[in-house]
Amino acid sequence: MSKQILTREQKGQAIADIDGAVKFVESQNTYVVKSQSKKGAYYVTDTELGWRCTCPDHEFRGVRCKHIFAVEVRFALHRIVEVKKIEPITNVSQCIYCKCSKIVRDGLRHNKHGDIQKFHCKRCRKYFTINLGFEKMKHSPQGITTAMQLYFSGESLRNTARSLKLLGVDVTHQTIYNWIEKYTGLMEKYLEKITPNVSNAWRADELYLKIKGNNKYLYALMDDETRFWIAQQVAHTKNTADVSPLLEKGKEITKTRPKTFITDGGHNFHTAYEKELYTVKGLRTKHIKHIRLQGDMNNNKMERMNGEVRDREKTMRGLKKMDTPILKGYQLFHNYIRDHEALDGKTPAEKCGIKIEGENKWITLIQNATKN
Ligand SMILES: [Zn+2]
Ligand SMILES: [Zn+2]
């Protein structure tokens, strides 16, 4: 029997169910959560920068710990996010020739690229296959998506090409770049129409990049709670670039605006905030210029994000243009494909109510993007 590993959310739920384990101390405006492993308690506070807890899991690793979950569950403060599932397409409802619905599955066709679902039409008697999104490709969906997975996990284009060769896929690194360009564009257009249910605290930062050997800055707008990377913008300068398009894009993608906008440094963020987020009436966003504190988890969080991209600098040497699909691909991988340990093994998209189903999330996304 395998031991079940509980997520932080499940552990929090369990703590919330224990009588007296979670209390609110009004005079200190703080929730007190009894420690489950030793004497004493942890203190959970709702701050402008989101939930804070005094436990090591939160302080040093920057994660939403079980104590925060316990408080949310106990006091019904949980953000309820409805989940939209994006399923793999293994079925079609019409004959591709006569458009009738009298079709049956006729097994799988095996070729050197793998398995493709075969159909037979009982009316026009024709056979056909579906290979949505990959119809005219010389290589298999598995080969193409493996290339993307390797590349966005940190391999260079050349190393990706070498690894594919071991799988019997012999392509140049330029071909891999072309695949990334083609499919990133396709998936991006599709995903832009699906609204992520983000929290009400957003964070912006700038990351340093080299494009064609020149220094550039990648501005990233992130949701603080789910780590969903909402929008990006590439600019020539640090601190002075007009970053209002970043915030404008953020509002467009999420169809909302945050209660808190957290930035670090640059005055350009404040100018953009005044233009895009500050309203004279109605819900007003508050801008917090975050001051760096040692061991500060919110700061750690952004630095980790910086780390993710910085680690890739070596392999991003090949960036040739400002609107490179590579950066959009990286955003997509971060949001929809990669599991994050700090999110209990979920993707930021799942935390925002968008779940990509199927064994190969790339294929599911490409199929749906093609169909729509
Ligand atoms: Zn905690
Ligand atoms: Zn037919």
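Residues numbered from 1 in each chain as written. Chains lettered and ligands numbered in written order. Predicted model: local features only at pLDDT ≥ 70, side-chain atom pairs only at ≥ 80, totals over all residues. Heavy atoms only, no water.

Looking at the pattern of salt bridges
Right, so step 1: Evaluation of the coordinates by the stated rule reveals 13 salt bridges.
Right, so step 2: A salt bridge links D224 to R203; its shortest N-O distance comes to 2.7 Å. Of this pair, D224 sits in the loop between β10 (214-223) and β11 (229-235) while R203 is found in strand β9 (residues 201-211), placing the two residues 21 residues apart along the sequence. The burial state of D224 is the same as that of R203; both residues are buried.
Right, so step 3: For the salt bridge of E276 with K251, the shortest nitrogen-to-oxygen distance reads 3.0 Å. (Salt bridge = Lys/Arg side-chain N within 4 Å of Asp/Glu carboxyl O. Helix = DSSP H or I, 4+ residues; strand = E, 2+ residues; numbered from the N terminus. Buried < 20%, exposed > 50% of the residue type's maximum accessible area, 1.4 Å probe, protein only.)

What to know about the coordination of the zinc ion (ligand 1)
Right, so step 1: For the zinc ion (ligand 1), the protein coordination sphere consists of C53 (SG), C55 (SG), C65 (SG) and H67 (ND1), at 2.1 to 2.3 Å.
Right, so step 2: Binding-site remark: the zinc ion (ligand 1) is held by donors from one chain whose sequence spacing is C-x1-C-x9-C-x1-H. Taken as a pair, C53 in strand β4 (residues 50-53) and H67 in helix α3 (residues 66-74) lie far apart in primary sequence, 14 residues in all.
Right, so step 3: A relative accessible area of 4% means that C53 is categorised as buried.
Right, so step 4: Overall, the relative accessible area of 4% leaves H67 in the buried class. (Donors = N, O, S within 2.8 Å, 3.2 Å for Na, K, Ca; no water.)

Let's talk about the packing of helix α4 (residues 141-152) against helix α5 (residues 157-166)
Right, so step 1: At a minimum axis distance of 9 Å, the contact between α4 and α5 shows a crossing angle of 140 degrees. Viewed along their axes, α4 and α5 adopt a mutual orientation that is oblique. Considering how the two elements wind past one another, α4 and α5 form a crossing that is right-handed. When α4 is examined against α5, the residues G143, T146, A147, L150 and Y151 are found in contact with a partner set consisting of L157, T160, S163 and L164. (Axes fitted to C-alpha atoms, helices over the stretch in contact; angles between N-to-C directions. Parallel < 35°, antiparallel > 145°, perpendicular 65-115°, else oblique. Left-handed = near helix turned anticlockwise from the far one by under 90°. Contact = heavy atoms within 4.5 Å.)

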